Amino acid sequence: MAGRAQIPTKNSALIAMIADEDTVVGFLLAGVGDVDLRRKRNYFIVDSKTTVKAIEDAFKDFTTREDIAIVLISQYIANMIRFRVDSYNKPVPAILEIPSKDHPYDPTQDSVLSRVRYLFSAESVASSRY
């Protein structure tokens, strides 16, 4: 299908994680973790000592890797780099914000949900014209 974004990997694509230790460990136990031959991991653990620059670098790395199809990021961490998350507009890898144990999900801050709301409001305005 022309125009669709394809994931350019031969066998499979990975899910990347940027989250606190408990969330990452939970996903690692579920089998999401991967370390390639160059010792690059598909997860980044954020703690109280992690700098915003390090989070930005991990986000940039995961969104430019060709073997990653989805980036899961804890919403409170996404808020730390909100300008990067909101300005990201490629379909692959998809960015999904998730809750963490200590920080509940807030739908008003989710960049994907806000884009969907915008599209539906634009559609409703366009359909009411005809």
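Preceding this section is the structure that the text describes.
Since the structure is predicted, the reported quantities are computational estimates derived from the model, not experimental observations.

What counts, and where the lines are drawn
- Residues numbered from 1 in each chain as written.
- Predicted model: local features only at pLDDT ≥ 70, side-chain atom pairs only at ≥ 80, totals over all residues.
- Heavy atoms only, no water.
- Salt bridge = Lys/Arg side-chain N within 4 Å of Asp/Glu carboxyl O.
- Helix = DSSP H or I, 4+ residues; strand = E, 2+ residues; numbered from the N terminus.
- Buried < 20%, exposed > 50% of the residue type's maximum accessible area, 1.4 Å probe, protein only.
- Pairing = 2+ DSSP bridges.
- Right-handed = clockwise from strand over helix to strand, strands pointing away.

> Let's hear about the pattern of salt bridges: which residues, and what values?
One pass over the structure, following the stated rule, counts eight salt bridges. Here Lys101 makes a salt bridge to Asp22, at a shortest N to O gap of 2.7 Å. Of the two residues, Lys101 is situated in the loop between strand 4 (94-98) and helix 5 (111-128) and Asp22 in helix 1 (residues 21-29); the sequence distance between them amounts to 79 residues. Note that Glu56 and Arg84 form a salt bridge whose closest N and O atoms lie 3.7 Å from each other. One end of the pair, Glu56, is in helix 2 (residues 52-64); the other, Arg84, is in helix 4 (residues 82-87), with 28 residues separating them in the sequence. Given the relative accessible area of 34%, Arg84 is considered partly exposed.

> Any chance you could break down the pairing of strand 1 (residues 14-19) for me, citing the residues and the numbers?
For strand 1, a buried count of five out of six residues is recorded, marking the element as mostly surrounded by other parts of the structure. Alignment of strand 1 against strand 3 (residues 68-74), held across five bridges, turns out to be parallel. Of the residues in strand 3, the one forming a bridge with Met17 is Leu72. Of the strand pairs in this sheet, strand 1 and strand 2 (residues 43-45) are connected by three bridges, and their pairing is parallel. Its bridge partner lying in strand 2, Met17 is registered against Tyr43. Between the parallel elements strand 1 and strand 2, the chain passes through helix 1 in a crossover that is right-handed.

> Account for unusual backbone geometry, naming residues and giving values.
Of the consecutive residues Val92 and Pro93, the connecting peptide bond is found in the cis state with omega at 0 degrees. Along the chain, Pro93 turns up in the loop between helix 4 and strand 4. For Arg39, which is not a glycine, the phi torsion comes out positive at approximately 65 degrees. Considering the arrangement of structural elements, one finds Arg39 in the loop between helix 1 and strand 2. For Arg39, a relative accessible area of 68% translates into the label exposed.

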